[in-house]
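Overview (structure and organization)
Chain by chain, the residues run as shown.
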Amino acid sequence: MTDANPTSQDASALAGKPYLKMNGLGNAFIILDLRDDPVTLDEETIRKASSPKTGPGCDQFITLEKRKGHEDVFMGVYNADGSEVGACGNAARCVAWLLMEECDANETQFSTLAGSLLARRVGEKRIAVDMGEPKFGWREIPLSEQMDDTRFVDIKLGPIDKPVLWGPSAVNVGNPHCIFFVEDAEAQALDKFGPMIEHHPLFPERANVSVAQVLSKHAIRLRVWERGVGITKACGTAACAAAVSAHRRRLTARKATVTLDGGDLAIEWRESDNHIIMTGPITLEDEGRFADDF
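Remember, predicted model here, so these are calculated numbers, not experimental data. Sequence order as written defines residue numbering, which begins from 1 separately in each chain. Under the rules for a predicted model, residues below a pLDDT of 70 receive no local features and side-chain atom pairs below 80 are neither given nor counted, while totals for whole chains, interfaces and linings still include all residues. Based on all heavy atoms of the structure, the side-chain values leave hydrogens and waters out of the count.

**Some details on the overall build of the protein**
Which entries qualify depends on this criterion: Runs of E in the DSSP output that reach at least two residues are strands. Runs of H or I that reach at least four are helices, and both are numbered from the N terminus. Radius of gyration: C-alpha atoms only; globule rule: 2.2 Å multiplied by the number of residues to the exponent 0.38. The buried label applies to any residue whose accessible area, calculated with a 1.4 Å probe on protein chains only, is under 20% of its type's maximum; exposed applies above 50%, and partly exposed to all values in between. In this description, contact between two residues means that some pair of their heavy atoms is separated by no more than 4.5 Å. With residues, only the protein chains shown are counted as cover, and all accessible areas are computed by Shrake-Rupley using a 1.4 Å probe.
When helices and strands are tallied, the protein shows 4 helices and 19 strands. Over its C-alpha atoms the protein spans a radius of gyration of 19 Å, differing by no more than 12% from the 19 Å that the globule rule assigns to 294 residues. With respect to the three principal axes, the spread of C-alpha positions in the protein is 60 × 40 × 35 Å. Of all 294 residues assigned to the protein, the portion counted as buried reaches 55%. Once local pairs closer than 6 in sequence are excluded, the contacts in the protein between residues at least 24 apart make up 62%. Carbon and sulfur atoms make up 46% of the accessible area of the protein, which amounts to about 13100 Å² in all.

**A short note on helix α2 (residues 89–103)**
Spelled out, the test is: Take the number of residues in a helix, subtract one, and multiply by 1.5 Å to get its expected span.
An ideal rise of 1.5 Å per residue puts 21 Å on 15 residues; α2 measures up with 21 Å between its terminal C-alpha atoms. For α2, every residue scored as buried is listed here: Gly89, Asn90, Ala91, Ala92, Arg93, Cys94, Val95, Ala96, Trp97, Leu98, Leu99 and Met100. The positive-phi residue at the C-terminal boundary of α2 is Asp104, with phi of around 50 degrees.

**Concerning the side chain of Arg249**
Where we set the bar: By the counting scheme adopted, Arg and Lys are positive, Glu and Asp are negative, and His together with the chain ends is not counted. By definition, a salt bridge exists where a carboxyl oxygen of Asp or Glu is found within 4 Å of a side-chain nitrogen of Lys or Arg.
Relative to the helices and strands, Arg249 is located in the loop between α4 (236–248) and β16 (255–260). Although Arg249 is buried, it makes no salt bridge; Asp149 carries the closest opposite charge, 8.4 Å away. Once residues within four sequence positions are removed from consideration, Arg249 is found in contact with Arg151, Phe152, Gly167, Pro168, Ser169 and Phe181.

**Things to note about the environment of Met278**
Within the fold, Met278 resides in strand β18 (residues 276–281). You can call Met278 buried: its relative accessible area is 0%.

**Observations concerning empty space enclosed by the protein**
The following threshold applies: Cavities and pockets are found on a 1 Å grid laid over the protein atoms alone: a cavity is a set of points where a 1.4 Å probe fits but cannot escape, a pocket is an open set with protein on both sides within 12 Å along at least five of seven lines, and a lining residue has an atom within 4 Å of such a point. Grid points are joined across faces, edges and corners, and a volume is the space filled by probe spheres set on the points. By the convention adopted, Pro, Cys, Tyr, Trp, Phe, Met, Ile, Leu, Val and Ala count as nonpolar, Lys, Arg, Asp and Glu as charged, and the other residues, Gly among them, as polar.
A complete count under the given rule lists 1 cavity of 30 Å³ or more for this structure. The space that makes up the largest cavity amounts to roughly 80 Å³. Taken together, 15 residues make up the lining of the largest cavity; nearest its centre are Gln60, Asn79, Ala87, Asn175 and Glu226. Of all the secondary structure elements, the ones that give two or more residues to the lining of the largest cavity are β4 (74–79) and α4. Considering only residue class, the lining of the largest cavity consists of 5 nonpolar, 8 polar and 2 charged.

**Quick word on the side chain of Gln60**
Spelled out, the test is: Polar contacts here mean pairs of N or O atoms no more than 3.5 Å apart (in protein, one a potential hydrogen donor and the other a potential acceptor; neighbouring residues in sequence count only if both atoms are side-chain atoms).
The topology assignment puts Gln60 in strand β3 (residues 60–65). Classification of Gln60 by relative accessible area gives buried; the value is 1%. In terms of polar contacts, Gln60 uses its side chain to reach the side chain of Asn27, at 3.1 Å. Setting aside anything within four residues of it in sequence, one finds Gln60 in contact with Asn27, Ala28, Phe29, Ile30, Val77, Tyr78, Asn79, Cys88, Glu226 and Val229.

**Here we look at the pattern of salt bridges**
Between side chains of opposite charge, pairing is possible as soon as their charged atoms come close. Overall, the coordinates contain 16 salt bridges when judged by the stated rule. Across the pair Lys17 and Asp37 runs a salt bridge whose closest N-O atoms are separated by 2.3 Å. Placement of Lys17 in the segment before β1 (18–24) and of Asp37 in the loop between β2 (27–33) and α1 (43–50) is noted, with a sequence separation of 20 residues between them. One salt bridge connects Arg270 with Asp273, and the closest N-O pair in it is separated by 2.7 Å. When its relative accessible area of 26% is taken as the criterion, Arg270 is described as partly exposed. Judged by relative accessible area, Asp273 falls into the partly exposed class, the value being 30%. Among the ionic contacts, a cluster of salt bridges with common partners joins Asp33, Arg35 and Glu102.

**So, the environment of Asp148**
Take Asp148: it is sitting in the loop between β8 (126–130) and β9 (156–157). The exposed category is assigned to Asp148, whose relative accessible area is 74%. Along the sequence, Asp148 and Gly262 sit 114 residues apart, while their C-alpha atoms lie 34 Å from each other. Within the structure, the side chain of Asp148 is placed 3.2 Å from the side chain of Gln146, a separation counted as a polar contact.

Function-wise, these values are silent; they only describe arrangement.
Pasting the structure below:
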């Protein structure tokens, strides 16, 4: 049983190890099962594995572990830059499907840094995950300055007297999120301002940055810049964050379809217990093995 987060010496820790390539709406993962054969991994190793130039390539590197302090299977989530993060909604669906297939079950529970997740099968390779409650307090997100209303935070892009974008919402759904509501999500230069907002001083742990276009009371178009990764085809926690923030701003209902570059996620912010239910597909792409000289 590993006692702490994977931290290790070199890429040889992965030599010869089997892995799965999976994705949720094109959000790509390497999934490594370390439950029976634990290893320690450093950021450089994860970066090397995550880069398509030096490894199988992925947006997030996912581990299945027996981690001290967690009774359930622990899902470790690492961005392509090697940084460990609290949650990944699309990966959660993939891991849930694997665990349910393993046990021939229709429900499963597992742990993450952000807390325990409960998931259930709702169709052929279609999974619903209870992502828990969103956090809106400025300390919980976290922000570096006190802001009592995180539906609108004090960030402006462009000239001070005529900003191009301003007043995004901030929320934590396993990770810190910053969501700009715009008239046209496709027209925004997310590749340019995404890294700026990710590293904005207001976000001491960095942030995932999204542009959200409300299409109707039940539909949102979303594009996402993920911290430590860049623009991705989909981000489950960002979809949850956008849907919750849109409802808080009275732009949508509690149920909405969020359309990302890779496809649709159904998001419900349940009124009964304040939990977010995220439903969407998973894809098993390939099974592989790291080279013996990796």
